[in-house]
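So the chains spell out like this:
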Amino acid sequence: MAKEAKLPQLIDRKIYKTGQTRGADDDEIYQNRVSRSSTVLIPLAHFQNCQVPADGTSEYSSGFITLVPPSWYFSRKNPNEELKGMGLSLGSNCLIFFEDRNDWVMAEKQISKWTPATSRTSPLGGQYIARISANTAINGGDKIQVGFTTTSKKGAGIRVYEYASTDTIKSCRIQLEAIMWLCRDAAETLEEMGMTRNEVKERRDLSIDKAEESGLLKKNELITLRILNKEGFACCPLCLDELSAAGFGTRLIQAAGREVADLTVTEISLFHIDELRVGTLGHRPYNLGWGHHHCNVVAKDSGIMPTLTWLQEIVDRNRSAGYNF
Ligand SMILES: [Zn+2]
């Protein structure tokens, strides 16, 4: 069989990156842009909800680490027994996580014989980690970062709600590529981006077939979810405007110095239909589409319907105040 035709690099990267978590700063406990199948960090308060992944599988691909607040741990008579009752053991699948300077100072004696954790899999190599930001107040202090701070080991794991198994990541990529091909101008745009007509046809047919065979291209479902419009073309789940495949490669197009008009092409980003929150796993087939970057920024925190209600209120308030536009 001939080698599969390659997608333009920017589009390929964009689809690949959907399997990675978002960025994290150095002062956060999370890893920066790694696979969604990495070790998950579960705050103790969410442990009951999140101890097994909400995707029907029985365990997280790379395990989990439960983060126990020092205020919880040090206020208990027998915290290790309580943890054991939940199936947790300090240094094996849970750690004390210091985020507050007061907690850190108070616990100094208790943790003097402990060591910071060093491994994301059991045994974790220690009992605690810390990420305390610098404090500029009168009694302030320098930032405190203990555990998982070296370049190769930065971050203890990923946000639990960003998790997806390797299989799920793969299914999502198959579905998202097929949706990209369902942009009305996909074929001509990808040709402009450097694929030959034959390569476009070959790759598109392969992508659509693969998605259909895997049950990932149920059009009616995708239309109900606002991922495709009624004509079956890819649209933005918030504004419902059809997407141009050029939006996948805006930087490339700009670099190639295309017409000024094309510079207004809106950048496309991954769009979650149900917003991410602890206790559900948002990265799954039939919950992801492509949408305008700007629309995504607006809808990300509250979800599509509450955002539409909010936009309606803004328009109504402006109209009733006499501002016409
Ligand atoms: Zn939009």
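Our subject is the structure that appears above.
The text that follows walks through the structure, step by step, so that each part is easy to find. A quick note: this is a predicted structure, and the numbers were derived from the prediction, not measured.

**Some words on the overall build of the protein chain**
From N to C terminus, the protein chain includes 12 helices and eight strands. Referenced to the eigenvectors of the C-alpha coordinate spread, the extents of the protein chain come out at roughly 70 × 65 × 40 Å. Within the protein chain, buried positions represent 43% of all 325 residues. Across the protein chain, every contact between residues at least 6 apart in sequence was considered, and the portion connecting residues at least 24 apart equals 66%. Split by element, the accessible area of the protein chain, about 17,800 Å² in all, is 49% carbon and sulfur. Taken as two groups, the 39 positive and 40 negative side-chain charges of the protein chain have centres that lie 4 Å from each other.

**Regarding the coordination of the zinc ion**
With distances of 2.1 to 2.3 Å, the protein atoms coordinating the zinc ion are Cys236 (SG), Cys239 (SG), His292 (ND1) and Cys295 (SG). Coordination at the zinc ion is tetrahedral: its four donor atoms span angles of 97 to 118° at the metal. Donor residues for the zinc ion, ordered by position in the chain, follow C-x2-C-x52-H-x2-C. Residue histidine 292 is classed as buried on the basis of its relative accessible area, which comes to 10%. Look at cysteine 295 and you get buried, because its relative accessible area is 14%.

**Quick look at the environment of threonine 39**
Residue placement: threonine 39 occurs in the loop between α1 (9-17) and β1 (40-43). Classification of threonine 39 by relative accessible area gives buried; the value is 5%. When the C-alpha atoms of threonine 39 and threonine 224 are compared, they prove to be 34 Å apart, with 185 residues separating the residues in sequence. At 3.1 Å, the side chain of threonine 39 forms a polar contact with the backbone oxygen of serine 62.

Conventions adopted
Residues numbered from 1 in each chain as written. Predicted model: local features only at pLDDT ≥ 70, side-chain atom pairs only at ≥ 80, totals over all residues. Heavy atoms only, no water. Helix = DSSP H or I, 4+ residues; strand = E, 2+ residues; numbered from the N terminus. Buried < 20%, exposed > 50% of the residue type's maximum accessible area, 1.4 Å probe, protein only. Contact = heavy atoms within 4.5 Å. Areas by Shrake-Rupley, 256 points an atom, 1.4 Å probe, with all protein chains shown as cover. Lys, Arg positive; Asp, Glu negative; His and termini not counted. Charge placed at Lys NZ, Arg CZ, Asp CG, Glu CD. Donors = N, O, S within 2.8 Å, 3.2 Å for Na, K, Ca; no water. Tetrahedral: all angles 85-135°; square planar, octahedral: opposite > 155°, others 65-115°. Polar contact = N/O pair within 3.5 Å; in protein donor to acceptor, adjacent residues only side chain to side chain.

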